[in-house]
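One-letter residues, chain by chain:
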Amino acid sequence: MSRSLSAIFSLRSLAGNRRLFALCLILFIVSTFISLWLFFPADVVQRRLVQEMMQTTGIKIQGDNASMLFPFGLKLDLAIYPEVMELADLKVNNLHVSPAWKTLLSDSPALNFKGSIADGQFLAQAGQDGRLNINAQDVALLGLQQPGNDYRLSGNLTAELHAEELAADMTGQGRFTIEINDAQVLGLQKIGLPNNFAVGLVQLAGKFNQRRVSVERIVATGGVLGLSGGGTLLVGETPDQTRLNLNLRLYPHQTTPDSLRDMIKLTGIRPTADGSYLLRIGGTLAKPVIR
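Nothing here was measured: the structure is a model prediction, and the numbers come from that model.

(A) How the structure looks around the overall build of the protein. Tallying secondary structure elements over the protein gives three helices and 14 strands in all. In the protein, which comprises 291 residues, the share counted as buried stands at 33%. Put simply, of all contacts in the protein between residues at least 6 apart along the chain, 39% involve residues at least 24 apart. A total accessible area of about 18200 Å² is found for the protein, and carbon and sulfur atoms account for 60% of it.

Below is the structure:
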């Protein structure tokens, strides 16, 4: 009888020890996470992250308002200075950076990014091997351009980019799709066209390899002029160094302004049987030439 009671008390003691051990383990894990969250060197990680981004892109970037995300991640704001005359300084607000957990044991660990820019939202994943995936929604194009530009494009941008082997000079290969809702070209009154030149819905799709961009599809519908076409761009460091080779077909209709019809006629291009005009555009992005 005494042996049985001793065995019972031993089992109870063992069970109690296990419960105590489990409780201590849980408390240790919780306290560790709390300590990390409270004392995590967010400013140090922010500086390291911004430094890596500047080295990769060659663009001046400044970080601010860093804090830790639970359990592992970083939240901050970014100011991006592209140093391109036509582009505005960009503000990336409420940027969340966290590990892409499924990639941590692979040959190319990656980071996930989520934030807002120009009143829109974006998601991105960047891998150590140069892989980059971006999805942007409802980005206001006017917020990306200098307000003093002679000509500006307005509208809301939705875009996807899937790239591989991106290098520090942004060369690589991949595919892209772009959609611009309610697109308008501003400033055309200087050349005798309506100030708010409605383009409508613009859709582009294509691919790129190094600095050669192949635009496989351009379509514009719902504006004062229909448009379709494609072509290639050889991207340079500046718009003056970016070469164009595009074929665009214009479709005038009832709402096309007479001033635009007259301007098309001045190019010397004759309409085809269906009333459309085929334009071959060369030169540079800064000074395009219509042939």
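Moving on from the model shown.
(B) Here's a closer look at the environment of Q210. As for its placement among the helices and strands, Q210 is situated in the loop between β9 (196–209) and β10 (212–222). Under the relative-accessibility criterion, Q210 is labelled partly exposed at 40%. Put simply, Q210 and E165 are 45 residues apart on the chain and 9.6 Å apart in space, counted from C-alpha to C-alpha. The contacts of Q210, once residues within four sequence positions are left out, are T171, G172 and Q173.

(C) Fine view of a nonpolar patch on the surface. On the surface, a cluster of nonpolar side chains totalling about 490 Å² of accessible area is made up of F72, W101, L104 and L105. Looking at where L105 falls in the secondary structure, it is placed in the loop between β3 (90–99) and β4 (110–117). On the accessibility criterion, L105 (87% relative accessible area) is exposed.

(D) Broad picture of the side chain of Q145. Positionally, Q145 belongs in the loop between β6 (132–140) and β7 (152–164). Here the side chain of Q145 touches L153 through a polar contact of 2.6 Å, landing on its backbone oxygen. Excluding its chain neighbours within four sequence positions, the residues that come into contact with Q145 are E86, L87, A88, Y151, R152 and L153.

(E) Structural context of the pairing of strand β5 (residues 120–127). Across eight bridges, the pairing between β4 and β5 is antiparallel. The residue bridging G115 from the neighbouring strand is F122, located in β5. Linkage of β4 to β5, two consecutive antiparallel strands, is achieved through a turn of two residues, within which A118 is found at a positive phi near 50°. Linking two consecutive strands that pair antiparallel, namely β5 and β6, is a turn of four residues; a positive phi of about 90° is found at G130 within it.

(F) Quick look at the packing of aromatic side chains. Counted under the stated rule, the structure contains zero aromatic pairs. Here the guanidinium or amino end of K60 rests over the ring plane of Y81, the centre of that ring lying 5.3 Å away. The cationic tip of K190 hangs over the ring face of Y151; the distance from NZ or CZ to the ring centre is 5.9 Å.

(G) A look at unusual backbone geometry. In this structure, A118 takes a positive phi of about 50° despite not being glycine. As for its position among the elements, A118 is in the loop between β4 and β5. Of the residues examined, A118 reaches a relative accessible area of 18% and is grouped as buried. If you check the backbone angles, D182 has positive phi at about 55° while not being a glycine. One can find D182 in strand β8 (residues 173–186).

(H) Quick look at the pattern of salt bridges. Applying the stated criterion to the full structure yields four salt bridges. R131 is paired through a salt bridge with D129; the nearest N and O atoms lie 3.9 Å apart. For R131, a relative accessible area of 23% corresponds to the partly exposed category. Using a relative accessible area of 43% as the deciding quantity, one classes D129 as partly exposed. The shortest N-O distance in the salt bridge between R175 and E216 comes to 2.8 Å.

Each value, and the rule that gives it
Residues numbered from 1 in each chain as written. Predicted model: local features only at pLDDT ≥ 70, side-chain atom pairs only at ≥ 80, totals over all residues. Heavy atoms only, no water. Helix = DSSP H or I, 4+ residues; strand = E, 2+ residues; numbered from the N terminus. Buried < 20%, exposed > 50% of the residue type's maximum accessible area, 1.4 Å probe, protein only. Contact = heavy atoms within 4.5 Å. Areas by Shrake-Rupley, 256 points an atom, 1.4 Å probe, with all protein chains shown as cover. Patch = residues over 30% accessible without salt bridge, like charges linked within 9 Å, V, L, I, M, F, W, Y side chains within 5 Å. Salt bridge = Lys/Arg side-chain N within 4 Å of Asp/Glu carboxyl O. Polar contact = N/O pair within 3.5 Å; in protein donor to acceptor, adjacent residues only side chain to side chain. Pairing = 2+ DSSP bridges. Phe/Tyr/Trp six-rings, centres within 6.5 Å; stacked < 30°, edge-to-face > 60°. Lys NZ or Arg CZ within 6 Å of the ring centre and 35° of its normal.

What is shown is where atoms sit, not what they do.
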